[in-house]
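Inside the fold
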Amino acid sequence: MNLESRRHHELIFTVVTFLTCLPGVHQLIQGCPNNWELNQQSCYKFVFYPTLKYQDAKMSCLTKGAGVVSINSLSEHNYITQWIKGFDKTWNSWYTSGIQISKNHPVFRWEGDGSPVPDDPHYWLSEADRNQQGEIIVYTWKDAAVGWSRSHMTLSLPYICEIPQVEAYRIVQDHRDFDYGTETTDPNNYLRGPTFSVEATDVVVISQKETKASVECAAIANPAARYGWSRIEGGHVIDITGDLDPRYTLTNGRLTIDHPEEGADSGRYQCRAENQFGMIIGSIIQLSFGYIGEFSNVPRETVRTYEYNGAAIECIPPNHKPALTYQWYKDNAGNFVRPSLQPYLFISALGKLYFSEVTRVDEGRYYCVATLSSNYGDTEIKQTPSRTSLPIPLQIMDGTAREWGPDIHSDFIAVFPATPLRGQMLRMECFAYGTTPLIYSWSRVDGPITDRAVFIDSNRIVIIPNVQLEDSGQYKCSCRRTSTAIAEKTVNVVISAKPFFNFPLRHKHVDIGSQLTWRCGAKGVPYPTYSWFKNGQVIQPVAGEIEVSHNVLIIKNLNPDRHDGMYQCSATNLYGTSVSSAQLRVLSLAPTFEKFPLRTSQEAALGGNVTYLCEPEAAPFPEFTWSKNGANLGLVAGDTSGRIRLLRNGNLLMTQVQSSDAGKYRCTATNQAGSGYSEGALAVTTGITISRPPSSKSVLLNETTFMFCQASYNPVYDMVYLWTLNGRDIDVTNNPYFGWGTGENSGGLYIRGAQFKHAGEYVCTAKTPLDEARASAYLTVVGPPGPPAGVQVDVRSITSYTMKVRWTVGEDNHRSITSYVIQARTAFNRAWRYITGNIPDAETVEQGEDMRRYVVIGLRPGNMYNFRMAAVNNLGQGDWSWPSDAYHTPGAPPSVAPEKVEGAGGRVGLLTARWEPLDESEHNGDGIGYNVFWRKKGVNLQTWSKSTVYGNSTFFATTVGVANYYLEYEIKVQPFNIHGPGPNSTIAVIYSAEGMPTGMPTGVFCDPYNSTSIMVHWTPVPNDRDFMKGRVLGYQVNYYIADIDNPLKYSSTYPANSTSGIIVGLYPGTFYWSGVQVYNTAGLGPESETDLEQTYADAPRLYPTEVAVHSINGEHIRVTFRGVSTGLGEEPLLGYKLRYWLFNDDIRGARDIGVGKDMDGVINGLEKGYIYELRVLGYSNGGDGKMSPSVFFTVEGGQVRLDPETAEIIAGSSMASVNFSILVMAIILLTLEF
């Protein structure tokens, strides 16, 4: 802005600020319009009809520039109640904007102005009304009183709109867009700041396989937006450039990271877009790295169950992020468990394998296959590594056949995710034990299940895609075997939600010097908190200028130099942040009639009414004067005393039209920036005429618009209005998309939440018994583009890695298409994923072709692909097209090498290896197999030996000879298919199989540890190839009771670095023989010599009694108790321990104070303000004895009585108080005695 323009704006701003304080101008510009009520500094509209649900009422107020009423004082409350008492003769309830923000407590906030609801009982009809069910505050009746109560926002009720008096001119101000005050009429050429059309989303990548990772945002702007990305580290924001790291590339809104690394690249990122009008920032997204660890190599215990019983095998998955999917196979990888073919089997999303009823055929070894996946569809996983567990044996014992069940397992109903979020896929599982067949069904206790629900896996699973808040409720699973054998369970599902904007910010084009109240509205569970940004910076309140109150921003004395820019409303809760963006233009514009001149010929019916429209573009709001045939009519805005009136919006209203009213009229509009006028002629007729016909207009998808229609007619006759759309009658009363205008606009038609089907020709007919008149206009519904049609692949273009996708452009819905996005899915992964985005429209044009095209790269050979597309314009992304047919990329040799090549043990004389097999999508064709190359390490001239493994195997074994036990070998694995070999894996060093150990532990001796344990000691075996024939894996201690025939032998294992171990679970006072063996992967070595040792006798069997706790000066604790004695079969008492810990902590964290054989002790170092728990015990060589019952104490008060359920100290429980009471009573008795 140049210096002259700046001075011009400052002058206008100063003049407007001064003039709006003058009484006449204030009344002209800032008075309440017709049908609005003035009270103090606000205008109110009480809307009886049509009644609306709360969200619709909120939208109705917003379209007027107002909000649903907020009550901030008792005087305002009294005004509302008196109005309702005076005018509401049918005793309705009325919506306010007081919405509950805490689910479990009656805490409310006004959505209208963002302020807290006063915590004052005087507003409420009663305490019962305050505490009843309902998430919205309403005014309602009780007997003859009116006050607050609570209601549900789904009811259709009257409502109250409120707007500050200084902003009331917006109610009569026509809708403004980016063309207001400019010569531009083509919406595609509007100059505007950026708004996001594609928001960046969280991405998960797998670091071992990904060569690139990318995140992307896109914005609509004119001039085109410039993009940037930042990384958020703690409280620091770091701009990402190629100078920061050469691996980073920024192309428009796409940030690409070459060879991503978890340590360097995982974290939080944020996109920004800007042009000359301002800057917006995107929501913070997370770039993370998926990971799946290894299953435990500890053999699993056998699962045992009886035949004809139910059974479950747990997977115990490896560490991972973000999520896993599961499969199971039995005995070998060609025998996968298939519940769809074997309905008595069930695989839960948690990984467990369930059997409704087992038989002998189910016995075997089961393997759990865990595959990395996205977290319920939130993020994209670009590779899918998997792991396979060690075998888990299932043993079936003899049982008796019977008819039983169903018995719904305690794990069910299972809900995934545990905390489902709006937009996720909700999965509910139900499973029962019992004799098959079992029949499952689902219902919802509190209403019908949504039509989006899909039932799979014999109805044991219900899936609700794109779950919504209204899907919260109580769901019931029923399982039936016969008509009488039925089991049922219910689960309460609560859908939470990251904030989403049901009332996003709207662009504002406002007058210089005026006040703006800007509202946004987001839903979220839990209720969101709000922040406001201008050009990417947090907005702070400024006294007298800017007020920020949750979802409401107020800017006073608007000035283009200070306030023009891009604004964002941010809503945040536990589950994330959403942002809505809009532009603020502060306008200074002399009145102009260039776009909307007066009608050159206006007709009016004799004796009727007519409104002559005067609609200049002007900022600030102008003062209007009207003249007829050159003579000033001398009208005052808002004066209703005459037959000819000047309305506050500048229009001229004539009632009881006379022949003398015909003539030439001029409307002159004047503001501080200048003046302008327009002229037209009024003719008076004897028949009915449309004096204010509807005008053709555009409306945004899902927005509300109004078609004017006003007839001038002789009021002696009755007159009705009728409307048609594209030749069909509109049932205005019963169609929720339509509504009648009210007051002076009573003939007009509201189109609410306009859809594309509402576009077309609207005809208004005004009809009397004698005559009729009609007028028509066209409504254009503007929105995101329609879906592209005929998506296909040019089969001549297909290569192993690319395809040319072609399509026909769909409807642009009256905004030029700017770009396209493409998604793909494969036969191996049916989830849609972005293959490319933000493809400029110009790059899709093919010379001489009607269809558009784009070459998709980065495909995988030997895969079957479907594609779908969506178009983008400056209003957002449109719907997805129908999926294309499936197209197959030609095969090619594998392009990915196996990972995690490692040794696999085996018997002596073998060299074994295993690796992570290629995913099916990485096979690149049929005939997958692996070439395995190996050689002994250190023999440089030795050529590689080669073996071939066919199929997608994970294991290789070859004989190298018994003499070659535990030697290092180099190995590499190469995948191949029918098209040829792929790349080799990196060379791994592995060991050949181990031999049986020949060494044995020496120096074995034992010590008694306590009454049930013995400590065994040994000298370890040298961990070298000669003694171990491998490496020490651990030691096994063998033990059995002495002096009995054929004793049962037991064993315990200990880690490789152990030189001793405790064997537990023994009998007191009993002799045991103990010996030690070393072992490796090949097995156990020779047994050592054995040693004989006896366990101690029992620990003390009695516990101390009469435990008492006393505070010493509020700093220490003294504990007294009555001791114990030991008897036959017990070890002699060694002393006592005071064992104490913080109440509600785990006893395993307790601390012990030894007091010897004294029967009292002092505990120091305690913290004040905490409750402690204490138990006293005796101990001996036999171990710790039984503990006394718990007592509770504090440092300050000594012993207390505690309610363990509530952790509350019971009144009068202080030990000191009890002792003092006894002392006082004793003194009184002694006094009486003497």
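Right, let's walk through the structure included here. Every value quoted in this text rests on a predicted model; they were computed, and no experiment measured them.

1. Notes on the overall build of the protein
The helix and strand inventory of the protein stands at ten helices and 103 strands. Taken over C-alpha atoms, the radius of gyration comes to 41 Å for the protein, far larger than the 33 Å a tight globule of 1234 residues would show. Principal-axis analysis of the C-alpha atoms gives the protein an extent of 135 × 115 × 75 Å. Put simply, the protein has 1234 residues, and 49% of those count as buried. Considering only contacts within the protein whose residues lie at least 6 apart along the sequence, 66% involve residues at least 24 apart. Of the roughly 58300 Å² of accessible surface on the protein, 51% is carried by carbon and sulfur atoms. Across the protein, the mean location of the 103 positive side-chain charges is 3 Å away from that of the 123 negative side-chain charges.

2. What about the nonpolar core?
Core analysis: the largest hydrophobic core is formed by 35 residues, its most contacted members being L426, M428, Y440, W442 and V493. Looking at this core, the elements that each hand over two or more residues are β31 (414-416), β32 (426-429), β33 (432-433), β34 (439-444), β36 (461-464), β37 (473-480), β38 (486-493) and β39 (497-503). No other element matches the four residues that β36 contributes to this core. Among residues more than four places away in sequence, those in contact with L426 are V415, F416, P420, V462, I463, I464, V467, V493 and I495. In this structure, V205, I240, I257 and I285 belong to the second largest nonpolar core, which totals 26 residues.

3. Looking at the state of the cysteines
Counting across every chain of the model gives eight disulfides. Residue pairing for C315: its cysteine sulfur links by disulfide to C368, the two sulfurs lying 2.0 Å apart. Disulfide C315-C368: the torsion about the S-S bond is -90°, which places it as left-handed. Of the two residues, C315 is situated in the loop between β22 (311-313) and β23 (320-321) and C368 in strand β27 (residues 364-373); the sequence distance between them amounts to 53 residues. In this structure, C315 and C368 share a single accessibility class: buried. With no disulfide partner, C479 has as its closest neighbouring cysteine sulfur the one in C430, 6.4 Å distant.

4. Comments concerning the side chain of N924
Its location among the elements puts N924 in the loop between β78 (910-916) and β79 (929-936). Residue classification places N924 among the buried residues on the basis of a relative accessible area of 1%. In this structure the side chain of N924 is engaged in a polar contact, spanning 3.4 Å, whose partner is the side chain of S895. The contact partners of N924, leaving out residues within four places of it in the chain, are R860, P861, G862, G891, A892, P893, P894, S895, N977 and H979.

5. Points about empty space enclosed by the protein
The tally for this structure, following the rule as stated, stands at four cavities of 30 Å³ or more. The wall of the largest cavity is formed by L62, G65, F503, P504, L505, R506, K508, T517, W518, R519 and C520. Among the elements that make up the lining of the largest cavity, the one with the highest residue count is strand β41 (residues 516-519) (three residues). Class assignment for the residues of the lining of the largest cavity results in six nonpolar, two polar and three charged.

6. Brief notes about the sheet that holds strand β54 (residues 631-632)
Where strands meet in a sheet, backbone hydrogen bonds hold them as pairs that are either parallel or antiparallel. With respect to topology, five strands assemble into an open sheet ordered β50-β58-β57-β53-β54, the strand pairing being mixed. Two strands in the sheet have a free side with no partner beyond their single neighbour: β50 (601-605) and β54. Of the pairings in the sheet, the one linking strand β53 (residues 623-628) to strand β57 (residues 663-671) comprises six bridges and is antiparallel in character. Looking at β57, one finds that F624 is bridged to A669.

7. Describing the environment of S60
Mapped onto the elements, S60 comes out in helix α3 (residues 54-63). Each C-alpha atom, one on S60 and one on T704, is 8.5 Å from the other, the two residues being 644 residues apart in sequence. Filtering out sequence-adjacent residues up to four positions away, S60 remains in contact with L52 and Y159. A polar atom in the side chain of S60 sits 3.0 Å from the side chain of K64.

8. A short note on unusual backbone geometry
For the peptide bond that leads from G405 to P406, omega is 0°, which places it in the cis range. Relative to the elements of secondary structure, P406 occurs in the loop between β29 (392-397) and β30 (407-408). With an omega dihedral of 5°, the bond running from A619 to P620 counts as a cis peptide bond. Mapped onto the fold, P620 is located in the loop between β52 (617-619) and β53. Positive phi is not limited to glycine here, since Q40 has a value of about 50°. Backbone geometry places N557, a non-glycine residue, at a positive phi of 50°. Relative to the helices and strands, N557 resides in the loop between β46 (552-555) and α8 (560-563). Judged by relative accessible area, N557 falls into the partly exposed class, the value being 32%.

9. Comments concerning helix α4 (residues 74-87)
With 14 residues, α4 extends 20 Å between its outermost C-alpha atoms, agreeing within 8% with the 20 Å of an ideal straight helix rising 1.5 Å per residue. Buried positions along α4 lie against β1 (37-39), β2 (42-52), β4 (94-100), β6 (136-142), β7 (145-151) and β8 (157-164).

10. Digging into the packing of aromatic side chains
For the structure shown, the criterion picks out 46 aromatic pairs. Centroid distance F46 to W83: 3.7 Å. Interplanar angle 5°. Geometry classified as stacked. Here W83 lies in helix α4 and F46 lies in strand β2, a separation of 37 residues in the sequence. For the pair F46 and W83, a shared accessibility class is recorded, and that class is buried. Relative to F708, the ring of F706 has its centre 4.8 Å away and its plane inclined at 85°; by these criteria the two rings are edge-to-face. A residue is classified by how much of its surface remains accessible, and F706, at 12% relative accessible area, is buried. Under the relative-accessibility criterion, F708 is labelled partly exposed at 22%. Put simply, the rings of Y44, F46, F48, Y79, W83, F87 and W94 pair up and form one aromatic cluster. The ring centre of F708 lies 3.5 Å from the NZ or CZ of R692, which sits over that ring. Its end group placed over the ring of W944, K972 keeps NZ or CZ at 4.5 Å from the ring centre.

11. Topic: the environment of S214
With respect to the helices and strands, the residue S214 is situated in strand β11 (residues 212-216). Sequence separation between S214 and T249 is 35 residues, and the spatial gap between their C-alpha atoms is 9.3 Å.

About the criteria used
- Residues numbered from 1 in each chain as written.
- Predicted model: local features only at pLDDT ≥ 70, side-chain atom pairs only at ≥ 80, totals over all residues.
- Heavy atoms only, no water.
- Helix = DSSP H or I, 4+ residues; strand = E, 2+ residues; numbered from the N terminus.
- Rg over C-alpha atoms; globule rule 2.2 N^0.38 Å.
- Buried < 20%, exposed > 50% of the residue type's maximum accessible area, 1.4 Å probe, protein only.
- Contact = heavy atoms within 4.5 Å.
- Areas by Shrake-Rupley, 256 points an atom, 1.4 Å probe, with all protein chains shown as cover.
- Lys, Arg positive; Asp, Glu negative; His and termini not counted.
- Charge placed at Lys NZ, Arg CZ, Asp CG, Glu CD.
- Core = buried A, V, L, I, M, F, W, Y, C linked by side-chain atoms within 4.5 Å.
- Disulfide = S-S within 2.5 Å.
- Polar contact = N/O pair within 3.5 Å; in protein donor to acceptor, adjacent residues only side chain to side chain.
- 1 Å grid on protein atoms, 1.4 Å probe; cavity = no way out; pocket = protein on both sides within 12 Å on 5 of 7 lines; lining within 4 Å.
- Points joined across faces, edges and corners; volume = space filled by probe spheres on them.
- Nonpolar A, V, L, I, M, F, W, Y, C, P; charged D, E, K, R; others polar.
- Pairing = 2+ DSSP bridges.
- Expected span 1.5 Å × (residues − 1).
- Phe/Tyr/Trp six-rings, centres within 6.5 Å; stacked < 30°, edge-to-face > 60°.
- Lys NZ or Arg CZ within 6 Å of the ring centre and 35° of its normal.

Geometric values such as these leave the question of function open.
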